[in-house]
Amino acid sequence: MKFSPTYIRYINSEAWRKRRARALKLAGHRCQVCGRTWSLQVHHNTYERLGHEADSDLLVTCASCHWVITWMLRVR
């Protein structure tokens, strides 16, 4: 998958690190799909507000659940 330069800059920014930390804290540092507490990632449900995400725009997942979600969205 190719990511835009804007997305890549944002994901490597301090603003994203803070936003990601907030998402993890709100999720109790657990995958919101299976409950795992390791290998956590933050999935964007939408990119409409990239850089100004609402809490509902993000989903904390473990790497396995993130892979499944991404795969399901791509096949759809």
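So, here's what we can say about the structure. Position numbers for residues start from 1 in each chain and track the written sequence from start to end. For this predicted model, a pLDDT threshold of at least 70 governs which residues receive local features, and a threshold of 80 or more governs which side-chain atom pairs are given and counted, while totals over whole chains, interfaces and linings are taken from all residues. No hydrogens and no water enter the side-chain calculation; it runs on all heavy atoms of the structure.

### Some remarks on the pairing of strand β1 (residues 40–44)
What counts, and what does not: Burial here depends on accessible area, computed with a 1.4 Å probe over protein chains only, as a share of the maximum for the residue type. Under 20% is buried, over 50% is exposed, and the range in between is partly exposed. By the criteria applied, helices consist of DSSP H or I runs no shorter than four residues and strands consist of E runs no shorter than two, each listed in order from the N terminus. Between any two strands, pairing holds if DSSP finds at least two bridges.
In terms of residue burial, β1 counts as a mostly covered element, since 4 of its 5 residues are buried. In terms of strand pairing, β1 meets strand β2 (residues 58–62) through 5 bridges, oriented antiparallel. Residue pairing for β2: V42 is matched across the bridge by V60.

### Observations regarding the side chain of T61
By the secondary structure assignment, T61 is in strand β2. Taking relative accessible area as the criterion, T61 reaches 0% and is therefore assigned buried.

### Some points on the packing of aromatic side chains
What counts, and what does not: Aromatic contacts are taken between Phe, Tyr and Trp rings whose centres are within 6.5 Å, Trp giving its six-membered ring; a plane angle under 30 degrees counts as stacked, one over 60 as edge-to-face, and the others as tilted.
Applying the stated criterion to the full structure yields 4 aromatic pairs. With 4.8 Å between their ring centres and 20° between their planes, F3 and Y7 make a pair best called stacked. Take F3: its relative accessible area is 40%, and that puts it in the partly exposed class. Judged by its relative accessible area of 17%, Y7 is buried. For the pair W67 and W71, a centre-to-centre distance of 6.4 Å together with 10° between the ring planes defines the contact as stacked. Placement of both W67 and W71 in helix α3 (residues 63–75) is noted, with a separation of 4 residues, approximately one turn of the helix.

### Brief notes about α3
Where we set the bar: For a helix, the expected span equals 1.5 Å multiplied by the residue count minus one. In this description, contact between two residues means that some pair of their heavy atoms is separated by no more than 4.5 Å.
Between its first and last C-alpha, α3 extends 18 Å over 13 residues, near the 18 Å set by a 1.5 Å rise per residue. Of the surrounding secondary structure, the elements contacted by the buried residues of α3 are β1 and β2.

### Some words on the layout of surface pockets
Heads up, the condition is: A cavity here means a set of 1 Å grid points, computed over protein atoms only, where a 1.4 Å probe fits but cannot escape. A pocket is an open set with protein on both sides within 12 Å along at least 5 of 7 lines, and lining residues have an atom within 4 Å of a point. Grid points are joined across faces, edges and corners, and a volume is the space filled by probe spheres set on the points. In the scheme used here, Gly and all other residues not listed as nonpolar or charged are polar, with Ala, Val, Leu, Ile, Met, Phe, Trp, Tyr, Cys and Pro taken as nonpolar and Asp, Glu, Lys and Arg as charged.
Estimated volume of the largest pocket: approximately 360 Å³. Along its surface, the largest pocket is lined by 15 residues, and Y7, H43, Y47, H66 and T70 are the ones closest to its centre. Breaking the lining of the largest pocket down by element, the ones donating at least two residues are α1 (5–11), α2 (14–26), β1 and α3. Tallied by class, residues from the lining of the largest pocket come to 8 nonpolar, 5 polar and 2 charged.

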